Amino acid sequence: MSVANADDVELPAGAYHAERLLGNGDFYTGEWSGNVPHGTGKYLWTDGCMYEGEWRHGKTMGKGKFSWPSGATYEGEFKSGFMDGYGTYTSSLGDTYRGTWSMNLKHGHGVKSYANGDYYDGEWRSDNQDGHGRYVWKNGNEYVGQWRAGVIDGRGTLVWANGNRYDGGWEDGLPKGNGNFRWADGGLYIGYWSKENGSLQQKGVYYSSPTASSPTSRDPYGVFLADLGDCKVSQGENVSILPSQKTLNWSGIEADFMQKQAVWKSTKSPDAHRRRRASNGEVGGANKGVDDLVGELHLDEAESRGAGRIHQPIRSPLREVKKQGEPISKGHKNYDLMLNLQLGIRQAVGKQPEPKSLDLKASAFDPKEKIWTRFPPEGTKQTPPHQSCDFKWKDYCPLVFRTLRKLFKVDPADYMISICGNDALRELSSPGKSGSFFYLTNDDRYMIKTMKKSEVKVLLRMLPAYYNHVRAFENTLVTKFFGLHCVKLTGATQRKVRFVIMGNLFCSEYPIHRRFDLKGSSHGRTTDKPEAEIDENTTLKDLDLNFIFRLQKSWFQEFHRQVDRDCEFLEQERIMDYSLLVGVHFREASASHSCDVNNTNEATPRLSRADMDQFLCDPTRWASIKLGVNMPARVELIVRRNDGDPLLIIEPTGEFCDVILYFGIIDILQDYDISKKLEHAYKSIQYDPTSISAVDPKQYSKRFRDFIYKVFEEET
């Protein structure tokens, strides 16, 4: 149901008009819903940039206009903050482009009029003329034919204003292959053109004009070079900053700025300010909390437009938990590696078309199906110049991973922003047991893991079965893989760094207070940290778990079915040593005292019972609850008995806590190879064979499920 303002303008369902003065000095005015812009609105940045148009869930989406302080403008379609679709860009110098865009780049058919009087009408690809097009110079020269990466390349005809013309092949802006040069008087040269030692060469035959009074042989070389000098393709103006590079961090509005915003609103409306003082019996509302002030702001907005209902969005707790990891800034030992990775991702994602179908041929899964791209610092036709070292980039099974991203509903623009945006990746403090390093994107959506060659081989071997599995089961709990790549450093080291991009299970709007890595084995399955040092970033293990998870009946049944499916898939692929990674958000602070390993940080924000009720009653939130994601549940405190298996002999205490759960199956790239068989044989001599992690896949699957179904139960 839409809400109407005083002028009877239709607003999106649940939206209302709002004005927001943000903490960094930016300003937004327009339709607002769910704590973010939704509808139409205007955003002003402190540097003078401005966007006015349509928004969807906090992102510029639909039709709008972006203006730069220089006077440049773009008016057209947007998608996820990018100029994407049909639009018109006018530079401050007077260049104008009308046509289609893809992720801020001219892509498709478009017409560009240059400030110097030149004109191009044709196909574009990744911001360059590419395909068939017509270019007319201000001096009257004209080319019609093929282009590649912004230069004349392929078959085409160049006609000069003086009447001379060339028909034939081109390469990198010069004649190449068979071609004819015709003078204005009718003289014709037919030959073969090439470039040798940096200079233009040709071999052919000259035919004089029938109208020539005294025909003599002519060499087109000098005339050609002189004429080509008048055919420079204009570059136009470079955009200083792109719309997608402008930060829109709605969740980062601090409480004190929310209070300033309310005060600013009240000073703007003196009558409303007097009403509040009279109704509350206070001068200036000095004793009010931030929530009261925000509520009053919403009341003012509703009253100002004459609406009968006040729409207050559910307030999500401000996330104050310190982010994991160290930002990789300049000077960090892996700074160049991060730049290489981001350059490669831009190349792999930004310049490849989105797959049209989810059906893939067997050849797409061939391990030999890979693309090598060289990235020299000075750049090439396909790659940009950069400040990192010379390196090569390998993209494994590119079509498969592009299709996986489509299957997982990953928007290419959002994917690039997360990994390649202005914010640095974060390196986790210590490598995993395998020696791999882990990196997180700044928005926590993706985790990047360095890989051993053996792990790459396992993933490529199981990729067809993995693709079929995740396509068949939408609620699968196995790790989501988005890309598999390699950076090869050139020079003396010749070092190769292989890495995989995965989804981060703990990317949530609510902080994770406790995290557990559960395998179903007991040997070595406790944390090595003293209890006083355990915090929300500590990964606890099987024997550290002191409660069981209780799921609502339908969710428990789906959980049971999916764990069975996933374990059967991993068993068939001879995979073992995987874990169920579980993140727990305690809904109330008091819960941590009874249900957690030790008292969690009191300053860590929690979802209150009232907020939880709103969470469950808000239809817009239901879609965000999936198996393993945003799942409301309860946990029950347990004690372990010492007269048997400490993993399975547990006693519930009847003490419950309300939680939200996040979980998934991770570390699925370890097959039962010779090293694991030797590890099993060696440890079986020293320890109980059933307690160690390294067992064959069938036994591992059974033990894993036995334990998981013991600590996850149906709510009664």
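Residues numbered from 1 in each chain as written. Predicted model: local features only at pLDDT ≥ 70, side-chain atom pairs only at ≥ 80, totals over all residues. Heavy atoms only, no water.

- Per an unreviewed UniProt entry, the protein is named Phosphatidylinositol 4-phosphate 5-kinase, and its organism is Musa acuminata subsp. malaccensis.
- In its Catalytic activity (unreviewed entry) section, the UniProt entry covering the protein states "a 1,2-diacyl-sn-glycero-3-phospho-(1D-myo-inositol 4-phosphate) + ATP = a 1,2-diacyl-sn-glycero-3-phospho-(1D-myo-inositol-4,5-bisphosphate) + ADP + H(+)". (UniProt positions renumbered as here; feature names shortened; annotations may be inferred.)

### Observations concerning the sheet that holds strand S19 (residues 370–375)
And then number 1: Sheet architecture is open: eight strands sit in the order S18-S21-S22-S23-S25-S24-S20-S19, paired in antiparallel fashion. At either margin of the open sheet sits one strand with a lone partner, and together these are strand S18 (326–327) and S19.
And then number 2: The pairing of strand S21 (residues 426–427) with strand S22 (residues 438–440) spans two bridges and is classified as antiparallel. When the sheet's bridge partners are listed, Glu427 is paired in S22 with Tyr439.
And then number 3: Against the sheet, helix H5 (residues 335–350) makes contact with S19, strand S20 (391–396), S22, strand S23 (446–451), strand S24 (481–489) and strand S25 (496–503), and its axis sits at roughly 50 degrees relative to S20, the strand it touches most. (Pairing = 2+ DSSP bridges. Helix = DSSP H or I, 4+ residues; strand = E, 2+ residues; numbered from the N terminus. Contact = heavy atoms within 4.5 Å. Axes fitted to C-alpha atoms, helices over the stretch in contact; angles between N-to-C directions.)

### Comments concerning the packing of aromatic side chains
And then number 1: In this structure the tally under the stated criterion is 43 aromatic pairs.
And then number 2: Ring geometry for Tyr51 against Trp55: centres 5.2 Å apart, planes inclined by 90 degrees, an arrangement best described as edge-to-face.
And then number 3: On the basis of relative accessible area, Trp55 is assigned to the buried category, the value being 3%.
And then number 4: Each ring, one from Phe559 and one from Phe663, has its centre 5.4 Å from the other, and the planes form 80 degrees; the classification is edge-to-face. A residue pair is termed long-range when its members are at least 10 positions apart, and Phe559 in helix H9 (residues 553–572) and Phe663 in strand S31 (residues 650–666) qualify at 104 residues.
And then number 5: Residue Phe663 is classed as buried on the basis of its relative accessible area of 2%. (Phe/Tyr/Trp six-rings, centres within 6.5 Å; stacked < 30°, edge-to-face > 60°. Buried < 20%, exposed > 50% of the residue type's maximum accessible area, 1.4 Å probe, protein only.)

### Details of the packing of helix H6 (residues 398–407) against helix H8 (residues 453–472)
And then number 1: Where H6 meets H8, the closest approach of the two axes is 12 Å, and the angle between their N-to-C directions is 25 degrees. Put simply, H6 runs roughly parallel to H8. Considering how the two elements wind past one another, H6 and H8 form a crossing that is left-handed. Contact with H6, carried on its side by Val400, Phe401, Thr403, Leu404 and Leu407, involves Leu459, Leu463, Tyr466, Tyr467, Val470 and Arg471 of H8 and no other residues of that element. (Parallel < 35°, antiparallel > 145°, perpendicular 65-115°, else oblique. Left-handed = near helix turned anticlockwise from the far one by under 90°.)

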